[in-house]
Amino acid sequence: QIEEDIYEGKKVYVNCDTKAKAKALHLHLETIFDPPSQRGGRMAKGLIIDGDNSGLKKHKALAENPNEVIPDLMRRGLKWLITTPTFETGISIGKPEIEEFKFNSAYLLWTWNNYTANTARQAICRVRNADNYYVFIPGGFDNPLDITKLLDFIENQRNNPRQIDRTEYLKRYVNQQK
């Protein structure tokens, strides 16, 4: 789905739960859409921000002023932004009034480990105005279409699931956002 979106000219935001996953995806997309050997000095079409590079000046600027920096990057050819939990909370990307410079799709690629439904929502909802939001869960759950089942599944993947009362609130919130 990510490749298809990029082929269609859509801008894509992806949050991965590990640096390894983020780097592998970035390398894969780069190989298909933007081989470094063919750039000829122009800016890369993709950007990855993880624990190894989040301290770089350009990445700090993006985190501090995403709604100024991202439109500029998109004008110069940015097609995808991949982040890890270093970008999970405390940043808000996109406003309804900047429709032209937005991520069309937001993806969450996690294995869940010890994350909560709220953590997942926080990570994918960094992008406030995407057209579509996708959550990919590794094997064993098929393709959930019901957000209630999805949030229950995420919560129950934790080593020590917490009380579901907060999850009920999140279910209502996510359903309202559909």
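You'll find the structure just up there.
Residues numbered from 1 in each chain as written. Predicted model: local features only at pLDDT ≥ 70, side-chain atom pairs only at ≥ 80, totals over all residues. Heavy atoms only, no water.

(A) View of the overall build of the protein chain. A count of helical and extended segments in the protein chain gives seven helices and five strands. Helices and strands appear in the protein chain in the N-to-C order α-β-α-β-α-α-β-β-α-β-α-α. Counting all 178 residues of the protein chain, 44% fall into the buried class. Sequence separation of at least 24 residues holds for 75% of the intrachain contacts in the protein chain that already meet a minimum separation of 6. (Helix = DSSP H or I, 4+ residues; strand = E, 2+ residues; numbered from the N terminus. Buried < 20%, exposed > 50% of the residue type's maximum accessible area, 1.4 Å probe, protein only. Contact = heavy atoms within 4.5 Å.)

(B) Structural context of the pattern of salt bridges. Counted under the stated rule, the structure contains 11 salt bridges. Between aspartate 50 and lysine 23 there is a salt bridge, and its shortest N-O distance comes to 3.9 Å. Of the two residues, aspartate 50 is situated in the loop between β2 (46-49) and α3 (57-64) and lysine 23 in helix α2 (residues 19-33); the sequence distance between them amounts to 27 residues. Relative accessible area serves as the criterion here: at 1%, aspartate 50 is assigned to the buried category. Given a relative accessible area of 37%, lysine 23 falls into the partly exposed group. One salt bridge connects aspartate 34 with arginine 42, and the closest N-O pair in it is separated by 2.8 Å. (Salt bridge = Lys/Arg side-chain N within 4 Å of Asp/Glu carboxyl O.)

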